[in-house]
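Structural features, examined
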Amino acid sequence: MPKRQLSQTSFLPGALAAVVLAVAGCQPTNAVGDPPVTSPVKPAPTSSASSSPSPAPVAAPPFDAERAFKDLTKQTRFGPRYSGSPNYPTMRDWLVSELTKAAGVPAKRQNFTARLGSQSLPMSNIYAHINPTAKKQVMLCAHWDTRPTADQEVDPTRRRKPILGANDGASGVACLLEVARQLAAKKPDIGVQIVFFDGEDYGPQIERMFLGSKYYAKNPAMPKPDYAILIDMIGDKDLNIMREVNSENAATHINDKVWSAAEALGVKQFINRIGYEIQDDHLPLQAVGWNAIDLIDFDYGPWHTLDDTADKCSPESLKAVGTVLLKVIYDEGR
Ligand SMILES: [Zn+2]
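The sections below set out a description of the structure shown in this document. (Residues numbered from 1 in each chain as written. Predicted model: local features only at pLDDT ≥ 70, side-chain atom pairs only at ≥ 80, totals over all residues.)

For helix α7 (residues 245-265), which comprises 21 residues, the first-to-last C-alpha distance of 24 Å sits more than 12% below the rise-based estimate of 30 Å (1.5 Å per residue). Along α7, the sharpest change in direction is near 115 degrees and occurs at A251. Taken as a whole, α7 has its buried residues at V245, N246, S247, E248, A250, A251, I254, N255, V258, W259, A261 and A262. Phi for G266, located one or two positions after α7, is positive at around 70 degrees. (Helix = DSSP H or I, 4+ residues; strand = E, 2+ residues; numbered from the N terminus. Expected span 1.5 Å × (residues − 1). Bend = angle between axes of the 7 residues up to and from the residue. Buried ≥ 20, exposed ≤ 12 C-beta atoms within 10 Å, placed from the backbone.)

Of all hydrophobic cores here, the largest spans 92 residues; its most connected members are L99, L140, L176, A180, I194 and L295. Among the elements that line this core, the one with the most residues is helix α5 (residues 166-185), at 10 residues. With near-sequence residues (within four places) excluded, L176 lies in contact with L140, A142, I194 and I231. (Core = buried A, V, L, I, M, F, W, Y, C linked by C-beta atoms within 7 Å. Contact = placed C-beta atoms within 7 Å.)

The next thing to look at is the sheet that holds strand β9 (residues 227-232). Strand pairing in a sheet is mediated by backbone hydrogen bonds. Such pairs are either parallel or antiparallel. Pairing within the open sheet is mixed, and its 6 strands lie in the order β5-β6-β8-β7-β9-β13. This sheet does not close on itself; its edge strands, each paired only once, are β5 (108-116) and β13 (292-296). Geometrically, the sheet is characterised by an average inter-axis angle of 20 degrees between neighbouring strands, direction not taken into account. Of the strand pairs in this sheet, strand β6 (residues 119-130) and strand β8 (residues 191-197) are connected by 5 bridges, and their pairing is antiparallel. The residue bridging Y127 from the neighbouring strand is V195, located in β8. Helix α3 (residues 88-103) rests against β5, β6 and β8 of the sheet, and its axis sits at about 10 degrees to β6. Helix α6 (residues 211-218) contacts β5, β6, β7 (137-143) and β8 of the sheet and is inclined by roughly 60 degrees relative to β6. (Pairing = 2+ DSSP bridges. Axes fitted to C-alpha atoms, helices over the stretch in contact; angles between N-to-C directions.)

Moving on, we get to the environment of A262. By the element assignment, A262 lies in helix α7. With 24 C-beta atoms packed within 10 Å, A262 lands in the buried category. For the pair A262 and N272, spaced 10 residues apart in the sequence, the C-alpha separation amounts to 9.5 Å. Residue contacts for A262: discarding those within four places in its chain leaves V267, F270 and V324.

See below:
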């Protein structure tokens, strides 16, 4: 697996992971054995690079990790969650209801039809807007669908089965629902758009992915945000998030905000180095000129297998990402 090679490179003491492999949020774009792609980006600054004293730590905003984790397990209990799966409508309606309760404002559905060859699939992006009239606007987003095929299973008969997507799907949703609750309880000075994309992981071909974000980028339901932060696969118990290459190239200053917040909070799961190059829902947003980054830990063994289950994830990982996002949001209002 390409990620194992990268992992060893990335964690060499003091080494900057200048060599990256191109992988799609959920689909490798280079076959195993292909030569690695050399990153064109400059090495990210490390915390030791600055000689100025660090600012005093800011107390992390509250984030109920256990409550968030319950939302992760709740989603997996719905079973696979892609358009056409038995509990897809149940999951969709639960998410609209839960986001409404969490954000304290009505969540809405953006319905669209994904046309894939002869197939027409009904899909829905789900979103809510806190402080819609504020001058500054930030978008937080994740995908809520799951992969219909466990294509990384070794056994071919298992590859045709759909995954539960505890990390790849449920973790981002669970984290942002809890972030929404905290934002509703203590309104930030800025506007926050929370968007859950459908059809990120339909696949298996890359043309059949990022369907909801592609639609949303062309049909935004809310005003263009100043920037967007996508989270994906952030529930892994062994969470290590590095600066994603496409994010670094397009919006270094947003990555800087995130890693500065993580450093101030002492959140060790954020590692200030360049990591993978990932194709994910941030790319359609970047394609229409938005500043968009992706926070993702692609170094996850059960990726696209039937083993992507809740026991591989942890409340602490959801909290690590949630508290950093909350600090980024509240710092914007200062
Ligand atoms: Zn995936």
